[in-house]
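# Architecture at a glance
Residue strings, one per chain:
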Amino acid sequence: MSVRDEVLSLLCENARHSIADLARLTDADESEVEETIEELEAEGVIRGYGAVVDWRRTDDEPVRALVECNVTLDRETGYDDIADRLAKFPEVESLRLVSGDYDFSMGVRADSMGEVSRFVAEKVAPVPEITQTVTHYLMATYKEQGIEFDDGHDDDDRLSVSP
Amino acid sequence: MAHVRPSERTQRVPPSGIRRFFELAEEIDDVISLGVGEPDFTAPWSAREAAIDSLERGKTSYTANRGMKELRNAIAANVAERYDLDYDPDEEIIVTAGASEAIDVAFRALVDPGDRVAVAQPSYISYVPGVIFAGGDPLRVPTREADDFKLTPEVLDEHGADEADALVLCYPNNPTGAIMTREELAPIAAFAREHDLTVLSDEIYAELTYGREHTSIATLPGMRERTVVFNGFSKAYAMTGLRLGYALAPPETISAMNRIHQYSLLSAPTTAQYAALDALEHGEGAVAEMRTQYDRRRRFVLSRFGEMGIECFEAEGAFYVFPESPWPDAEAFAEALLDEQRVAVVPGDVFGAGGEGHLRVSYATGLDDLREAMDRIEAFLE
Ligand SMILES: Cc1ncc(COP(=O)(O)O)c(C=O)c1O
């Protein structure tokens, strides 16, 4: 793997690795790591850094929903145009074009079910190209970004010293 | 008064130094252990599921003595593809309860009382006892740090291995992490041919090399007929507790080993054989992922030791590095480090001749713990 690929893969696993540790982990110089990250950011490969949160363990668990959206296209309007409009809403956490029975899979987040419903009814459904929406409220998250949300009882039960 | 008198041969084997360190470490809370000789990963889920599925289907009988035919076929195909080793699944492969059993059975099948068995050290702690239990006389051959702990014909000569009947070696090596390339193995193979040595090659870490592909000594000219290769699922697939390994050797050797194995084991654990079969069929991605993680940690640990001024040759295999102990007395250092900073490492002399003054540091530990352990070692040095 190139240093660039290594750095990217390490940051995906843990964006909090220090530059010094990234250098140690990849056998590169710190300056090379720093430049690589700057490059990845400048090129728009890395779009941001965030925490993977199990919201159930917080006091104010937000309401989240996956909204399937069907759209019709015309000569002037393509998927990207519709996506642009939808993505602007702060309630929209994620937006993906997918194959299959519907076109967009949209992650929505708000403080209550009422807010999510109002948002879909008042902001999404009225978009002229959107022909249908189906809203699925998220009931539980078991795994996100490769991280399982279990009770972490994967204690190390190996012998502390072994041959 | 004791009514049972242990046999003389059990008394010839001294208590294990690993055991002593284990007991020391167990007495202290919150130890970060870099003293573990097994993967910190769990077996690939697909392999575990195959084991569960086999139980659901009621696969709870013995298998053929030498292991399930399907598994032997899969092993044959895997070693051919990975290491260029060509073995007949019917006559030249035996599936055992870990490489450990294969090693033990091989000694019992090949060593007669009084036979001399050269053991390249430092190395895994079972070989010398195995030779003794088989009635043989172990001949310890220390490798040298100056050679990056690779075995050389010079040290073999110097320690009288030309007189031996067999030679045991282990590359990638536990505890040093050393590997040997084809070029480096060539003179060892020549030595074995010249002095008519049977070679027992423990290649259980074959999948864990970083940068260079593993070469089996059995693939060198004239070596296949005199070599027994040991491998298994414990390290590559993180399946230590499933207890599954195998040996590859010419038909007469496997027959002789099977003669013992069929009475002592009957057959290797059936559930584990199903897991192993799945691991060979679907485990490649999991192995590659673990290799990537180990390699990162290896570089991390080597870098940190370098920054601390601890001398350490660049280990290229297994999941160990073998730095020089900052104090001449490695055992005293390891004990003090455990006491004062709650970090466990294993003094190198536990692994035999040539290991003195060194420490085995295992990086089969998550990066967070590894980082913390390195910070503690650094603090200890200051
Ligand atoms: C070099 C070496 N050989 C063999 C073994 C034993 O392997 P298994 O679990 O297959 O018995 C180990 C385990 O630590 C090892 O390090």
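Predicted model, so just to flag it, every value in this text is computed and none were measured.

The next point concerns the domain arrangement of chain A. Domains assigned within chain A are domain 1 (3-42) and domain 2 (55-144). For domain 1 of chain A and domain 2 of chain A, the distance between their C-alpha centroids amounts to 34 Å.

Let us look at the pairing of strand β2 (residues 92-97) of chain A. Residue and element names in this part refer to chain A. Relative to strand β3 (residues 104-110), β2 runs antiparallel, the two sharing 5 bridges. If you follow Arg96 over to β3, its bridge partner there is Ser105. As consecutive antiparallel partners, β2 and β3 are separated by 6 residues, and within that stretch Gly100 has a phi angle of approximately 115°, a positive value.

Around the ligand, the structure places 15 residues, and the nearest of them are B:Ala99, B:Ser100, B:Asp202, B:Ser234 and B:Lys235. Around the ligand, the neighbouring residues derive from chains A and B rather than from a single chain. With respect to the ligand, the side chain of B:Tyr205 contributes an N or O atom lying 2.9 Å from an oxygen atom. A distance of 2.6 Å separates an oxygen atom of the ligand from a polar side-chain atom of B:Ser234. Residues of the shell around the ligand, tallied by class, amount to 7 nonpolar, 5 polar and 3 charged.

Let's shift gears to the nonpolar core. Residue and element names in this part refer to chain B. Ranked by internal contacts, the top residues of the largest apolar core, which has 112 residues, are Leu34, Phe107 and Leu151. No other element matches helix α11 (residues 284-308), which puts 7 residues into this core. Formed by 33 residues, the second largest nonpolar core is a distinct cluster that contains Ala74, Ala236, Met239 and Ala275.

Another point: the packing of aromatic side chains. Summed over the entire model, instances satisfying the criterion amount to 16 aromatic pairs over all chains. Measuring from ring centre to ring centre gives 5.2 Å for B:Phe149 and B:Phe322, while their planes differ by 85°; the resulting arrangement is edge-to-face. Taken together, the residues span a long stretch of sequence, with B:Phe149 in the loop between β4 (137-142) and α7 (153-158) and B:Phe322 in the loop between β9 (320-321) and α12 (330-341) at a distance of 173 residues. Taken as a pair, B:Phe149 and B:Phe322 share a single burial class, namely buried. An aromatic cluster is built from B:Phe41, B:Tyr205, B:Tyr294, B:Phe319, B:Tyr320 and B:Tyr363, whose rings are joined through pairwise contacts. The ring of A:Trp55 is capped by A:Arg109, whose NZ or CZ atom sits 4.7 Å from the centre of that ring. We note B:Arg224 situated over the ring of B:Tyr87; from NZ or CZ to the ring centre the distance is 4.3 Å.

Applying the stated criterion across every chain, the model contains 37 salt bridges over all chains. Where A:Glu39 meets A:Arg4, a salt bridge forms, and the shortest distance between an N and an O atom there is 3.4 Å. Taken as a pair, A:Glu39 in helix α3 (residues 30-42) and A:Arg4 in helix α1 (residues 3-13) lie far apart in primary sequence, 35 residues in all. Taking relative accessible area as the criterion, A:Glu39 reaches 41% and is therefore assigned partly exposed. Across the pair A:Arg64 and A:Glu93 runs a salt bridge, and its minimum N-O distance is 3.3 Å. A residue pair is termed long-range when its members are at least 10 positions apart, and A:Arg64 in strand β1 (residues 63-71) and A:Glu93 in strand β2 qualify at 29 residues. A single network of salt bridges, built from pairs that share partners, joins A:Glu6, A:Glu13, B:Asp295, B:Arg296, B:Arg298, B:Arg299 and B:Glu314.

The rules behind each value
- Residues numbered from 1 in each chain as written.
- Chains lettered and ligands numbered in written order.
- Predicted model: local features only at pLDDT ≥ 70, side-chain atom pairs only at ≥ 80, totals over all residues.
- Heavy atoms only, no water.
- Domains from an automatic or database assignment.
- Pairing = 2+ DSSP bridges.
- Helix = DSSP H or I, 4+ residues; strand = E, 2+ residues; numbered from the N terminus.
- Near = heavy atom within 4 Å.
- Polar contact = N/O pair within 3.5 Å; in protein donor to acceptor, adjacent residues only side chain to side chain.
- Nonpolar A, V, L, I, M, F, W, Y, C, P; charged D, E, K, R; others polar.
- Core = buried A, V, L, I, M, F, W, Y, C linked by side-chain atoms within 4.5 Å.
- Buried < 20%, exposed > 50% of the residue type's maximum accessible area, 1.4 Å probe, protein only.
- Phe/Tyr/Trp six-rings, centres within 6.5 Å; stacked < 30°, edge-to-face > 60°.
- Lys NZ or Arg CZ within 6 Å of the ring centre and 35° of its normal.
- Salt bridge = Lys/Arg side-chain N within 4 Å of Asp/Glu carboxyl O.

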